[in-house]
Amino acid sequence: MTSPRTFKPSGSSDANFYRLFDIFALFLAFQCAALLYDFKLTPIYAVSALTVALSYLYSAELFSTYRSWRAGKFRTMVICAWGSVLIAFAFLLVVSFLFKFSESLSRVGIAIWFMLSVAYLYIWRLGVYWYKRNRRKLGLSQRNVAIIGATESAAYLHAEIVKHDELGFNFKGFYDDRSPERLFEQLEQLEQLEQQGVEGGIQSAVDAARNGEIDILYIALPMKAQKRIADILLQLGDTTVDVHIVPDFLLSNLIHARIEHVGDVDTLSVFEAPCIGTHEFIKRTEDIVVSAIIVTLITPLLLIIAAAIKLTSKGPIIFKQDRYGLDGQKIKVWKFRSMTVTENSDVVTQATKNDTRITPLGGFLRRTSLDELPQFINVLKGDMSIVGPRPHAVAHNEEYRKKVEFYMFRHKTKPGITGWAQINGWRGETDTLDKMAKRVEYDLHYIKHWSLWFDVKIIFMTIFKGFKSENAY
């Protein structure tokens, strides 16, 4: 007998409705643009419309545009939709240029089509948003929610419920059997939560669920209380309440956790790479396109720097050092040589201020990050990415992996030329353990929250503030 799978993919029941409305909005904008500017609907325009529609749906899935309307801010959903339509029209321009049919398209007509698409995607969402919001104000589409367990994870969940009134949740209270002095231990928001109050014991929550007073019940007990949780679930088995378990173990350290299946056995991935499947293809495409453009533009600069290095100091132009790449595999990272030595052994001394090993030209290259330009070749080769945690020398990896918690999780994605830690000032010499721990903290934040939009944000921030640093020697 085959056992049913416990977990199913989450998603909004309205997601398909939203997709259809988006496609309708895009084609309506297309028709209106044709009428306004009076361009003929030739096969070229039909191909263009289909290209925009398909690339929009692809981008929308990447941005999680069709997440539940109860689970995200209206502004965020609109921005995701606008970002998707911008990518879709940019893709159309690239395709029309590559296949040489851009001259057959009206630039003004395409511009009108784009602006109308942006407007229509916003207008219909705004209409649905106000409709649902007004229904909730009238007491319709409201759902009563409660939390079993006055714990730290419960406090964070409560804060999110209060913050997002668009969820349509009516919070009924906490339920816990413990004595008052043991509730919400060591939390800054203790007074606020105490004012919210504990409605009663766990049995009271079960009874309220049986009486239909609660629609959604969150269980936020410690995972070590698995027998107690199993007992609660058994009691809730004769109710129609929606039950969710809020895990507390390693809550802040989960990296792209998701439900997986091995046959009919469900597993929870705790630490997993952010770029797998489609996301891996998207990030690789991003790396190839961006690095190819940059290498083409900076080739004259590369030649000038190479000549300057050769003329001002003895030694090779390019310094190749062993670093750890994806999954901790060794890679050769390229840099313009900036020192009189080329250390690549078990002991590597970090550069410090006024380091005598740094050449006069090398000091300038390091301060401006120009010494790292050859790493775009690493990106094209597939060893590195444009954005990611900066690669450290193997000797430093072996040293800090024993001292900094979750240090090696930096290697769940490819190392990058720039990264979230670097643009926030955590680059250069790490002469204290705290500095390295802070860099790792920012690297893990990037990995846990990776998205194409996050990469774009980091790239633009690097242009304006990421090339220079007081800590880069």
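Residues numbered from 1 in each chain as written. Predicted model: local features only at pLDDT ≥ 70, side-chain atom pairs only at ≥ 80, totals over all residues. Heavy atoms only, no water.

Some thoughts on the overall build of the protein
Operational definition: To qualify as a helix, a DSSP run of H or I must reach at least 4 residues; to qualify as a strand, a run of E must reach at least 2; elements of each kind are numbered from the N terminus. When a residue's accessible area, from a 1.4 Å probe over protein chains only, is under 20% of the maximum for its type it is buried; when over 50% it is exposed; and in between it is partly exposed. Contacts: residue pairs with any heavy atoms within 4.5 Å of one another. Residue exposure ignores everything except the shown protein chains as possible cover, and the areas themselves are Shrake-Rupley values with a 1.4 Å probe.
Counting its regular elements, the protein contains 15 helices and 11 strands. The buried share among the 473 residues of the protein stands at 44%. Within the protein, contacts between residues separated by at least 24 positions form 73% of all contacts whose residues are at least 6 apart in sequence. Accessible area of the protein: about 26,000 Å², with a carbon and sulfur share of 60%.

Section: the packing of helix H2 (residues 43–62) against helix H3 (residues 74–98)
In plain terms, the rule: All axes are obtained by fitting lines to C-alpha atoms, using only the stretch in contact for helices, and the reported angles, taken between N-to-C directions, cover 0 to 180 degrees. When an angle is under 35 degrees it counts as roughly parallel; over 145 it counts as roughly antiparallel; between 65 and 115 it counts as roughly perpendicular; any other value is oblique. Here is the rule for handedness: rotate from the far helix to the near one, and if that takes an anticlockwise turn smaller than a right angle the crossing is left-handed, while a clockwise turn gives right-handed. Under this grouping Gly is polar, as are all residues other than the nonpolar Ala, Val, Leu, Ile, Met, Phe, Trp, Tyr, Cys and Pro and the charged Asp, Glu, Lys and Arg.
Two elements in contact, H2 and H3, have axes whose closest approach is 8 Å; the angle formed by their N-to-C orientations is 140 degrees. With respect to each other, H2 and H3 are oriented oblique. In this structure, H2 meets H3 at a crossing whose hand is right-handed. Here H2 contributes Ser48, Thr51, Val52, Ser55, Tyr56, Ser59 and Ala60 to the contact with H3, which in turn contributes Ala81, Ser84, Val85, Ile87, Ala88, Phe89, Phe91 and Leu92. The residue inventory of the contact of H2 with H3, partitioned by class, reads 10 nonpolar, five polar and no charged.

Remarks on empty space enclosed by the protein
Rules: Method remark: on a 1 Å grid restricted to protein atoms, a set of points is classed as a cavity if a 1.4 Å probe fits but cannot get out and as a pocket if it is open with protein on both sides within 12 Å along at least five of seven lines; lining residues have an atom within 4 Å of a point. Grid points are joined across faces, edges and corners, and a volume is the space filled by probe spheres set on the points.
Tallied over the entire structure, the rule returns one cavity of 30 Å³ or more. The calculated volume of the largest cavity comes to roughly 30 Å³. Of all elements in the fold, only helix H9 (278–312) and helix H10 (360–367) reach the threshold of two or more residues within the lining of the largest cavity. Here the lining of the largest cavity takes three residues from H10, the largest share from any one element.

Some words on the side chain of Ser59
With respect to the secondary-structure elements, Ser59 resides in helix H2. Ignoring sequence-local partners within four residues, the contact set of Ser59 consists of Ser84 and Ile87.

Points about a nonpolar patch on the surface
Filter applied, for reference: Like charges within 9 Å and nonpolar side chains (Val, Leu, Ile, Met, Phe, Trp, Tyr) within 5 Å are joined into patches, using only residues over 30% in relative accessible area that form no salt bridge. The salt bridge definition used is simple: a Lys or Arg side-chain nitrogen within 4 Å of an Asp or Glu carboxyl oxygen.
Together, Val94, Phe97, Leu98 and Phe99 make up an exposed nonpolar region whose accessible area comes to about 490 Å². Residue position: Phe99 is located in the loop between H3 and helix H4 (107–137).

Topic: the sheet that holds strand E5 (residues 242–245)
Going by this rule: Two strands form a pair only when DSSP identifies at least two bridges running between them.
Spatial strand order, E3-E2-E1-E4-E5: five strands in an open sheet with parallel pairing. Since the sheet does not close on itself, it has two edges, and those belong to strand E3 (198–200) and E5, each with one partner. The sheet shows a mean angle of 35 degrees between the axes of neighbouring strands, direction not considered. Inspection of the sheet shows strand E4 (residues 216–219) paired to E5 by four bridges, in the parallel sense. Its bridge partner lying in E5, Leu217 is registered against Val243. On top of the sheet, helix H7 (residues 202–210) reaches strand E1 (143–148), strand E2 (169–175), E3 and E4; it is set at about 145 degrees to E2, its chief contact.

A short note on the nonpolar core
To keep it simple, the criterion reads: Remark: nonpolar core denotes a set of buried residues (Ala, Val, Leu, Ile, Met, Phe, Trp, Tyr, Cys) joined through side-chain atoms within 4.5 Å.
Formed by 33 residues in total, the largest nonpolar core has its most connected members in Ile305, Phe336, Leu373, Phe376, Tyr446 and Ile458. For this core, the secondary structure elements donating two or more residues are H9, strand E9 (330–336), helix H11 (375–381), strand E10 (385–387), helix H13 (420–423), helix H14 (433–448) and helix H15 (452–465). Of all the elements, H9 adds the most residues to this core, at six residues. In this structure Phe336 touches Leu302, Ile305, Ala306, Ile309, Ile317, Ile318, Leu365, Leu370, Asp371, Leu373 and Pro374, once residues within four positions along its chain are discounted. Counting residues in hydrophobic clusters, the runner-up holds 32 residues, among them Ala34, Phe39, Tyr56 and Trp113.

A few points about the pairing of strand E8 (residues 318–324)
Counting buried positions along E8 gives five out of seven residues, so the element sits mostly inside the fold. Across seven bridges, E8 lies against E9 in antiparallel orientation. What sits directly across from Ile318, in E9, is Phe336.

Here we look at the pattern of salt bridges
According to the stated counting rule, one finds 14 salt bridges in the structure shown. Its salt-bridge partner being Arg143, residue Asp242 comes within 2.9 Å of it at the nearest N-O pair. Of this pair, Asp242 sits in strand E5 while Arg143 sits in strand E1, and the two are 99 residues apart along the sequence. Residue Asp322 pairs with Lys332 through a salt bridge whose shortest N-O separation is 2.9 Å. Linking Asp322 in strand E8 with Lys332 in strand E9, this pair joins segments that are 10 residues apart in sequence.

Here we look at the pairing of E1
As a general feature of sheets, a regular strand has side chains that alternate between the two faces. Sheet analysis places E1 next to E2, joined by six bridges and oriented parallel. Counterpart to Arg143 in the pairing with E2 is Phe169. As paired strands, E1 and E4 are joined by four bridges and run parallel to one another. Within E4, the position partnered with Ala146 by the bridge is Leu217.

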